[in-house]
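# Understanding the architecture of this molecule
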Protein chains: 2
Amino acid sequence: MSSNLDLYHGLASTCSKKVRLCLYEKRLTFKSHLLNLQAFEQHSPEYLKLNPNGVVPTLVHNGEPIVESNVIIEYIDDEFPDTPLRPADSLARARMRRWIQFSGVVAYDAVALPTWMKISAPVARKLSDEELAQVLARVPTRERRERWARVARDGIPQDEIEECYTEMDRILAEVDRAISRGPWLAGETYSLADIAMIPFVDRIHNLRPDLCPPGRYSGVADWYRRMKARPAFAPAFDFKDDPRVEGLPNI
Amino acid sequence: MSSNLDLYHGLASTCSKKVRLCLYEKRLTFKSHLLNLQAFEQHSPEYLKLNPNGVVPTLVHNGEPIVESNVIIEYIDDEFPDTPLRPADSLARARMRRWIQFSGVVAYDAVALPTWMKISAPVARKLSDEELAQVLARVPTRERRERWARVARDGIPQDEIEECYTEMDRILAEVDRAISRGPWLAGETYSLADIAMIPFVDRIHNLRPDLCPPGRYSGVADWYRRMKARPAFAPAFDFKDDPRVEGLPNI
């Protein structure tokens, strides 16, 4: 199926994984534009024309840029209704949208700093003060500018990281509770809720495998296994379909 | 139309106004359960059964609670499709959803603290240390617990309030830009985007009228005037249909 879709994305980015998984579930082909986030390509003038906040992903469909991963995945389901990824029932849709919102606020906030400490801080710490000043001058949003400044110079107190870990554990507990009523996050139907949350649960497993030993959160473990078994998972999470994957970090 | 809808809400609450406006636009009748947020009724054990985060609003439809105002308004449009409040076109829907998300994150954060300083701080400051400890013990989320503690004891630095004001001005500028391409926030169609954003623009006008003098942000002024002229506006914003409105603050 030709769909005239261009995806600007990051390899390790949880929000990019969310959108890739949605596209692969729908069997949509897209042209990949993988950005090197550690080389700050998301702050280039050309990319800022598509996404003024300088963040990934951006989906361009028939020349129109769509930003914010949660908005993008609902757009994809509106525009490509084959293989629907939203339940037909309004109440299940409300549950789905609550998980989508949760993924973008609570789950994102819990994994963001630990992820930056792992991937971005080692790169940013190597910048000279002058280079760092140049990088920061190009970051369009204050929040992101402050985060780059902090990870570049190690200004993140340990208790702030510990708060993220506490949140990660709470997130696993909430997913586990939902799956016990499931089998999917929004209920009977595999949906955008599962697509929105899996990159964060995957990331938590990666950053803190000790939070999810065998036997703990067994609902999460079952769900994670079923998600990994879906044909869309591998191409989305272990993305290879762009020559630029070589040398880019993925976790 | 009988619809078996119960709304638990706050009079001044921006997120409650969002949902009331949506219900009145659809001409849906609902049973009002107005909570006195300054008497901390949102933390009562009965209400926490409906909304474990102890925040308003909660819509109960046929006995099923739905929480989070952005989720509620999409639920209402899914369940009651007469007078649709979402554009038919996917791209306009994406624009609409971006504004809905923006309202819940950026706009909410900009007005929340100044609103609390105006309405809740004067009440919370009158609590003795023991009473405050009792109130805080019942707040279910850490974020809200910290906010009550800070407004109760004046622990909010002026520069944090100033940041909110800067954000308010940026929000007016963004709305103005969108309306200049409008006439509605998502484009040609009046939608949930307008419903989601108007409580915040109304609140900014209330808290900082000097930010929007005549002639500045004229697109916002036109849009605000057209919103106020809609029959749904007055019952939603100057809500009277509950005996409990007497003595509750509204701004």
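To keep things clear, this report deals only with the structure shown in the data block. (Residues numbered from 1 in each chain as written. Chains lettered and ligands numbered in written order. Predicted model: local features only at pLDDT ≥ 70, side-chain atom pairs only at ≥ 80, totals over all residues. Heavy atoms only, no water.)

Our next topic: the relation of the copies chain B and chain A. With an RMSD of 0.0 Å, the operation that places chain B on chain A is a rotation of 180 degrees combined with a shift of 0.0 Å along the axis. Such a combination of rotation and displacement between the chain copies is what one expects of a two-fold axis. Comparing interface residues between copies, 100% of those in chain B also lie at the interface in chain A; the contact surface is shared. (Least-squares fit on C-alpha atoms with pLDDT ≥ 70 in both. Contact = heavy atoms within 4.5 Å.)

Turning next to the pairing of strand S1 (residues 5–9) of chain A. All names here are of chain A. Counted residue by residue, S1 has 5 buried out of 5 residues, so it is predominantly covered. The alternating pattern of S1 places Leu5, Leu7 and His9 on one face and Asp6 and Tyr8 on the opposite face, and all of these are buried. Summarising the sheet, S1 and strand S2 (residues 31–34) pair through 4 bridges and their orientation is parallel. Its bridge partner being in S2, His9 is matched across the sheet by Leu34. Crossover S1 to S2 through helix H1 (residues 14–25) is right-handed. (Buried < 20%, exposed > 50% of the residue type's maximum accessible area, 1.4 Å probe, protein only. Helix = DSSP H or I, 4+ residues; strand = E, 2+ residues; numbered from the N terminus. Pairing = 2+ DSSP bridges. Right-handed = clockwise from strand over helix to strand, strands pointing away.)

Once that is clear, we can look at the environment of Leu91 of chain B. Mapped onto the elements, Leu91 of chain B comes out in helix H4 (residues 90–125). Relative accessible area serves as the criterion here: at 19%, Leu91 of chain B is assigned to the buried category. When the C-alpha positions of Leu91 of chain B and Ala186 of chain B are compared, they lie 9.0 Å apart, and in sequence the two are 95 residues distant. Discounting residues that sit within four places of it in the chain, Leu91 of chain B has contacts with Glu64, Ile66 and Tyr75 of chain A.

A word on the interface of chain B and chain A. Each side of the interface is counted separately: chain B has 21 residues, and chain A has 21 residues. Across the interface of chain B and chain A, roughly 2,000 Å² is buried in total on both sides, 53% from carbon and sulfur atoms. Its salt-bridge partner being Arg97 of chain A, residue Glu74 of chain B comes within 3.3 Å of it at the nearest N-O pair. There are 10 residue pairs in polar contact (both at pLDDT 80 or more) connecting chain B and chain A. Put simply, the parts of the chain that give the side of chain B that touches chain A at least two residues each are strand S4 (64–67), helix H3 (69–79) and H4 of chain B. (Buried area = accessible area lost by both parts, 1.4 Å probe. Salt bridge = Lys/Arg side-chain N within 4 Å of Asp/Glu carboxyl O. Polar contact = N/O pair within 3.5 Å; in protein donor to acceptor, adjacent residues only side chain to side chain.)

Below, the discussion takes up the nonpolar core. Core analysis: the biggest nonpolar cluster contains 70 residues, and Leu21, Ile76, Ile171, Val175, Leu185, Met197 and Trp223 of chain B have the highest contact counts within it. The element that contributes the greatest number of residues to this core is H4 of chain B, accounting for 11 residues. In terms of domain composition, this core takes at least three residues from each of domain 1 (5–85 + 237–245) and domain 2 (90–230) of chain B. Setting aside chain neighbours within four positions, we find Val175 of chain B in contact with Trp99, Leu185, Met197, Val201, Val220 and Trp223 of chain B. Formed by 69 residues, the second largest nonpolar core is a distinct cluster that contains Ile72, Trp99, Val175 and Tyr224 of chain A. (Core = buried A, V, L, I, M, F, W, Y, C linked by side-chain atoms within 4.5 Å. Domains from an automatic or database assignment.)

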